[in-house]
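Letter by letter, the chains look like this.
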Amino acid sequence: HPDLDERVLDFTSAKGQEDGSQKSYAKDCLSRYESALYRKESPYKPSSYLITKLRQYETLHKRCGPYTESYNRTIRKLEPAHLTHDHKHDHHHETSDDKECKYLVRIPFDGLGNRILSLASAFLYALLTDRVLLVYDNEGDTADLFCEPIPETTWLLPQDFPIRNRLENLNQESPECYGNMLQHSRNSSFVYLHLIYTYDDYDKLFFCDQDQIFLQNVSWVIMKSQFYIAPSLFLIKSFEQELATLFPEKETVFHFLGRYLFYPSNPVWELITRYYRSYLANSDEKIGIQVRTFDPRFLTAAFNFTTSTLEAVPDTILACSFDNNVLPKINMNGSQESGRSKSVIVTSLTSKYYEKIRDMYWEHSTVNGDVVAVFQPSSEGGQKTGNKKHDRKAWAEMYLLSLTDKLITSPWSTFGYVAQGLAGLRPWILHMPKDEVVPNPPCTRAMSMEPCFQKPPLNGCKMRTEVDTGALVPYIGHCEDASQGLKLV
Ligand code: GDP
C-alpha cells in the first residue's frame, strides 16, 4: 500500500529505475521507501499545483545547488565589492535560460521541534520566491537526522561557503541585518533576516509586501529563524493567490511540506522501526501522549502563564482521555473479558508522568475490557540539543508519535506540533494544571493540525497601529494554546 509520500510527493523518477545511482539513493534513505509500511495513507490529497511546484523546485535546486556553475558564479556576489544595489549591473550579461539563481541560507535556532518547523516554513518561503534553500548547521545535525530531500544534489551549505564563519555570529547588530539596514539605509552583499524571539518591529517588516519587493532582488538572503512563519506568509498580499492555489486546504501546509522534506536518516529510521515493531505494531489502537513541561519562568515570560506545581499532570491526562474516549476508564470491581488492545506511547523528558498512568492500567482492569499497555521510549532528563544521540531520539519520538491514531499533546510545544502535523491529526491539547487542580475542561481539541506561529508580528505593516492579525482572514486564527499566536485552520 504505497502511501501518499510514496505515490505523489516522492520522486517518481527515483522509483522503479534499476540503474546503480538510484539504487544507492534508495539505500541511503530507507525511510523513503519503507515509510509506507508504517504510516497510514494520508486522508488529504496535495493539489496538483503543489506537486508541479515541488518538481520545479527540484529542477531549480539541481541547476543552482552547491558547486554548480550558477552557484559558483553567484557566490562571487558575496565578495565585499558587491553590494545589493549593484544587482542591475550583475544582471547585465545574462540570457533568459541562464537565469540568475537566488538563495535562502537558513541558520537553525533552538530545539529540534523549532528547527523542523522553522525549516519547513523557510522552505515554503523559498518556494514562493524561487530561491534555493541551503541549510547551515555547524554540528552536522541535519545530515545525521534527515535524508537529503532532493536526489542528485544537496541542501547542505558547503563547508567552503565564503562567509560561512560569519553565519554563527550574525545578529540584530550586524550591518547586514534587515531591520538594521532599514534604520540606517545601509547596503550590503547579502541580507540577514533575524526571525527569532528577540526580533523587533523593524525585523518584522519582513512580513510586508513593500519589503518583499526589495528582497526580490537580493541574491543571498540569510535567515535565522526558530518559528513556524507560514501563517504570516499567508498575510502577505503578493503571496496570497499563490498560496491559495498551492494549498486549497489551508491546514495541510506543514503536513505536506513536512512529509516531503523530513525523511529520517537510516540510523534514526532504525530507532523508529525497531521501537514500532516491538511496542506498537500489534495493537488494535495506538495512542500518543506528549508531555512537555517548561520552566515556569519561561512560561511567565513567553505566555503569561504560571504553573505552581505539575503533580496533577497525570490526572489531567487521564481526565482528558476519559472525556474524549481516548482511553478507557478503569474498573474498580474486578476483571472484565478481554477487549481490544491499546498501545500508549508517552514521550517526556521525565518518566514520572508515564509511571503513574502505566501503574493505573497495571493495577486495574478497564470498564470495557480493553487492555492498555503504556510505555515511554526515553526519559532524557533535560534538553541536550546538539548531542547526536539525544537529537536522534527526539526525532524518532516525534516520528513515532506521528504514527499513532490519536494524540494528546502539551501546550506551547513545537515537539508536539511536529508530531501532529506529520500524523495529520488534530490533537487534544492539555490545559496545564495550576495549584494541583485538574483543570476543567482538562484539554481542548485543536482546530486544525497546523503548528502555531507562537510569536508573530502583531503590528500592521509600516508600524501602523496594532491590528488583530488573527481576525483579518477566516483561515487564520489565534492558537488554542497561545492567544497571541497565529495558526492556519
Ligand atoms: P519545544 O521546546 O517543546 O517547543 O520543542 P523543541 O523540540 O524545540 O525543544 C525541546 C527539546 O527538548 C527537544 O528537541 C528534545 O531535545 C528535548 N525534548 C523535549 N521533550 C522530549 C521528549 O518527550 N522526548 C525526547 N527524547 N526529547 C525531548
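Only a predicted model underlies this, so the values are computations on that prediction, with no experimental measurement involved. (Residues numbered from 1 in each chain as written. Predicted model: local features only at pLDDT ≥ 70, side-chain atom pairs only at ≥ 80, totals over all residues.)

Novice: Explain the pairing of strand β7 (residues 341-347) here, please?
Specialist: Put simply, side chains in a regular strand alternate between the two faces of the sheet. Along β7, 6 of the 7 residues are buried, which leaves the element largely enclosed by surrounding structure. One ladder, built from 5 bridges, connects β7 with strand β9 (residues 371-375); its direction is parallel. Each residue of the ladder has a partner; that of serine 343, found in β9, is alanine 373. (Buried ≥ 20, exposed ≤ 12 C-beta atoms within 10 Å, placed from the backbone. Helix = DSSP H or I, 4+ residues; strand = E, 2+ residues; numbered from the N terminus. Pairing = 2+ DSSP bridges.)

Novice: I keep staring at the confidence of the model for the chain and nothing clicks. Help me out?
Specialist: Any segment with low pLDDT has predicted coordinates that should not be analysed in fine detail. Considering every residue of the chain, the mean pLDDT works out to 90; 89% of them sit at 70 or more. In the predicted structure, residues 86-97 sits below a pLDDT of 50 and forms 5 contacts with residues beyond four places in sequence or in another chain. Interface predicted TM-score (ipTM) for the complex: 0.99; the corresponding pTM is 0.93. (pLDDT = per-residue confidence, 0-100. Contact = placed C-beta atoms within 7 Å.)

Novice: Honestly, helix α15 (residues 266-280) in this entry has me stumped. Any pointers?
Specialist: Side chains three or four residues apart in an α-helix point the same way, a direct result of the helix having 3.6 residues per turn. For α15, which comprises 15 residues, the first-to-last C-alpha distance of 20 Å matches the rise-based estimate of 21 Å (1.5 Å per residue) to within 8%. Taken residue by residue, α15 has Val268, Trp269, Leu271, Ile272, Thr273, Tyr275 and Leu280 as its buried positions. Tucked inside the fold, the buried residues of α15 contact α3 (30-38), α8 (141-145), β5 (285-290), β7 and α19 (388-401). (Expected span 1.5 Å × (residues − 1).)

Novice: Explain the site of the ligand here, please?
Specialist: Around the ligand, 20 residues are found, and the nearest of them are Gly111, Gly113, Gln383, Ser413 and Thr414. Counting residues per element, the ones that place at least two in the shell around the ligand are α7 (112-128), α19 and α20 (414-423). When residues of the shell around the ligand are assigned to their parent elements, the largest contribution, 4 residues, is made by α19. The residue makeup of the shell around the ligand, split by class, is 4 nonpolar, 11 polar and 5 charged. (Near = placed C-beta within 6 Å. Nonpolar A, V, L, I, M, F, W, Y, C, P; charged D, E, K, R; others polar.)

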